[in-house]
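As a plain string of letters, each chain reads:
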Amino acid sequence: MKAISDTYTLANGIAIPCVGFGTWQVPDGDAVVSAVSSALELGYTHIDTAAAYGNEAGVGKAVRRSPGGRESVFVTSKLWNDVRGYRETLEAFDKTMERLGFDTLDLFLIHWPAPYRFRDNYRELNRETWRAFEELYRAGRVRAIGVSNFLRHHLEELMETAEIPPMVDQLEFHPGWMQQDTVSFCQQNGILVEAWSPLGSGKLLQDPQLCEIAAKYGKSTAQLCLRWALQKGILPLPKSVTPERIRQNTQLFDFVISAEDEQAIDRLSCVGRTGSDPDNAKF
Ligand code: A2P
C-alpha cells in the first residue's frame, strides 16, 4: 500500500480503501458529522459505522454532503445483536438504509456471532441471517457482505451452509492481540481481515517498547500500529474525534517497518484483548 487511496480487493473483486475511519462511540448529530467530514476532507474514503453505534444518520449526512458525494465513499454498517433471522434481517437492513439515506450499501456485516439472547441456537439463526445477507447481495442492495468478531469456529459453522462465503471479518486486532488462528483461517480462505481498535482502544499508545520502535522511524506509536497492520495485509479502522490525529492516522505510507521490528512487535504481549470475548459477551 502506497497511499490512503489504495485499495484491497475483496473475494468478489470489489475494491475497498485500505484504511477505514471508525466511528464507534462518536455520538450522532454534530459530533459524528464533524468527525466524518474531517476524515473525508483529509483523504479517507472509507467509513465504518453500525446500527449499534446509533450514528448512522449523521454518518449518512456527512457522506451525502461530502464534495465527492455518496459514490466516492465506501461505507460499512452492521446488523446488531437484537436482530437475527431472515425476515428480521431484511427489515433491519431497510432501517439502516433509511437512517443512512442511501440506495445501496458497500459492506454489511453481522456484528457479533453469538448474541447473548440468541446464544442457545445462534448457529441456526446465523444461517438464516446469512441467507438474508445473500439475498441483499444478489439483489444488488449491498456490494459486499461479511461478519465481525467471528472466530474461526464461528466462520466454519457459517460456511457449512453459506452459498456465498463472507468477504470480510472485522476483528479486534493490534499488537498484543493478533488472533492468529482466526486471521490465518481468513487469509487462507480469501476473507479480508479488518482491525477494530487497532490502537488497543488507545491503551497501546503509552507502551514503552512500541514508543521506542516508533521513535526510530520518526513516527507516532499510533502510526506504527497502523502501518504494522497494513504490512500484514490487514485493513485498520482507527477512530479519533481529533482532527490532528485523524490526519496523522492517514500518514502511514512514507515509512516501512523492517522485518526485524515487525517480528519484535509480533512478540509483544502489551494489553491483550481490550474488548469482549465473542463467545461470552453479555450482549
Ligand atoms: P480521540 O478520539 O480523543 O482522538 P482505537 O482505534 O484502537 O479504538 O483507539 C481509539 C483511541 O485512540 C481514541 O481514544 C482516540 O482518541 C485515540 N487516538 C486515535 N488516534 C490517535 C493518535 N494518532 N494519537 C493519539 N491518540 C489517538
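Structure: above.
Presented here is an overview of the structure given in this document. (Residues numbered from 1 in each chain as written. Predicted model: local features only at pLDDT ≥ 70, side-chain atom pairs only at ≥ 80, totals over all residues. Heavy atoms only, no water.)

**A closer look at the site of the ligand**
Close to the ligand lie 16 residues; L199, K239, S240, T242 and R245 are nearest. L199 has a polar backbone atom sitting 2.8 Å from an oxygen atom of the ligand. Separating a nitrogen atom of the ligand from a side-chain N or O atom of Q248 is a distance of 2.9 Å. Considering the ligand on its own, with 570 Å² of exposed area, one finds that the protein chains cover 80% of that surface. Here the residues of the shell around the ligand sort into 6 nonpolar, 8 polar and 2 charged. (Near = heavy atom within 4 Å. Polar contact = N/O pair within 3.5 Å; in protein donor to acceptor, adjacent residues only side chain to side chain. Areas by Shrake-Rupley, 256 points an atom, 1.4 Å probe, with all protein chains shown as cover. Nonpolar A, V, L, I, M, F, W, Y, C, P; charged D, E, K, R; others polar.)

**Some details on the state of the cysteines**
This structure, assessed with the given rule, holds 0 disulfides. C186 forms no disulfide, and the closest cysteine sulfur to it belongs to C18, at a distance of 19 Å. As a non-bridged cysteine, C270 has C225 as the owner of its nearest cysteine sulfur, 7.5 Å distant. (Disulfide = S-S within 2.5 Å.)

**Regarding the environment of L158**
With respect to the helices, strands and loops of the structure, L158 is situated in helix α5 (residues 152-159). Among the residues examined, L158 registers a relative accessible area of 3% and is labelled buried. The spatial distance from the C-alpha of L158 to the C-alpha of P113 is 9.5 Å, given a sequence separation of 45 residues. If near-sequence neighbours (up to four positions away) are discounted, L158 is found in contact with N126, R127, W130, V147, F150 and P166. (Helix = DSSP H or I, 4+ residues; strand = E, 2+ residues; numbered from the N terminus. Buried < 20%, exposed > 50% of the residue type's maximum accessible area, 1.4 Å probe, protein only. Contact = heavy atoms within 4.5 Å.)

**A closer look at the side chain of T89**
By the element assignment, T89 lies in helix α3 (residues 86-100). T89 gets classed as buried once you look at its relative accessible area, which sits at 0%. Contacts of T89, omitting those with residues within four sequence positions, involve L79, V83, R84, T129, A132 and F133.

**Concerning the pairing of strand β9 (residues 192-196)**
Burial analysis of β9 places 5 of its 5 residues in the buried class, the great majority of the element. Burial of the side chains of β9 extends over both faces: L192, E194 and W196 are buried on one face and V193 and A195 on the other. Examined bridge by bridge, strand β8 (residues 168-172) and β9 share 5 bridges and lie parallel to one another. Residue pairing for β9: V168 is matched across the bridge by L192. Since β8 and β9 lie parallel, the crossover through helix α6 (residues 180-188) that links them has a hand, and here it is right-handed. (Pairing = 2+ DSSP bridges. Right-handed = clockwise from strand over helix to strand, strands pointing away.)

**Details of α3**
Every α-helical turn comprises 3.6 residues, leaving residues that sit three or four positions apart pointing alike. For α3, which comprises 15 residues, the first-to-last C-alpha distance of 21 Å matches the rise-based estimate of 21 Å (1.5 Å per residue) to within 8%. All buried positions along α3 are accounted for by T89, A92, F93, T96, M97 and L100. The arc enclosing the buried residues of α3, seen along the axis, measures out at 140 degrees, which places them on a common side. Contact partners of the buried residues in α3: α2 (56-64), β5 (74-79), β6 (105-110), α4 (122-138) and β7 (142-148). Following α3 by one or two positions, G101 has its phi on the positive side, about 75 degrees. (Expected span 1.5 Å × (residues − 1). Arc of directions from axis to C-beta.)

**Digging into the sheet that holds strand β4 (residues 46-48)**
Pairing is parallel across the open sheet formed by 8 strands, whose spatial order is β3-β4-β5-β6-β7-β8-β9-β10. On the outer flanks of this sheet lie β3 (21-22) and β10 (235-237), each paired with one strand and no other. Across 3 bridges, β4 lies against β5 in parallel orientation. Across the sheet, residue H46 finds its bridge partner in β5, namely F74.

**Some words on the pattern of salt bridges**
Evaluation of the coordinates by the stated rule reveals 19 salt bridges. Close ionic contact of D106 with R70 constitutes a salt bridge, the shortest N to O distance being 2.8 Å. Note that D106 is positioned in strand β6 and R70 in the loop between α2 and β5, a separation of 36 residues in sequence. The shortest N-O distance in the salt bridge between D254 and K219 comes to 2.8 Å. One end of the pair, D254, is in the loop between α9 (243-248) and α10 (259-267); the other, K219, is in the loop between α7 (208-216) and α8 (221-231), and 35 residues separate them in sequence. Residue class for K219 comes out buried when judged on its relative accessible area of 14%. Here the residues in one salt-bridge network are R70, D106 and R143, joined through shared partners. (Salt bridge = Lys/Arg side-chain N within 4 Å of Asp/Glu carboxyl O.)

**Focus: the packing of aromatic side chains**
Taken as a whole and assessed by the stated rule, the structure comprises 9 aromatic pairs. Judged by centre distance (5.0 Å) and plane angle (70 degrees), the rings of F93 and F108 are edge-to-face. Here the residue F93 occupies a position in helix α3, and F108 occupies one in strand β6, the gap between them amounting to 15 residues. Accessibility expressed as a relative area gives 0% for F93, which makes it buried. A centroid spacing of 4.7 Å and a plane angle of 10 degrees characterise the contact between F108 and F133, whose relative ring orientation is stacked. Taken together, the residues span a long stretch of sequence, with F108 in strand β6 and F133 in helix α4 at a distance of 25 residues. For the pair F108 and F133, a shared accessibility class is recorded, and that class is buried. The rings of W80, W112, W196 and F283 are connected pair by pair, giving a single aromatic cluster. (Phe/Tyr/Trp six-rings, centres within 6.5 Å; stacked < 30°, edge-to-face > 60°.)

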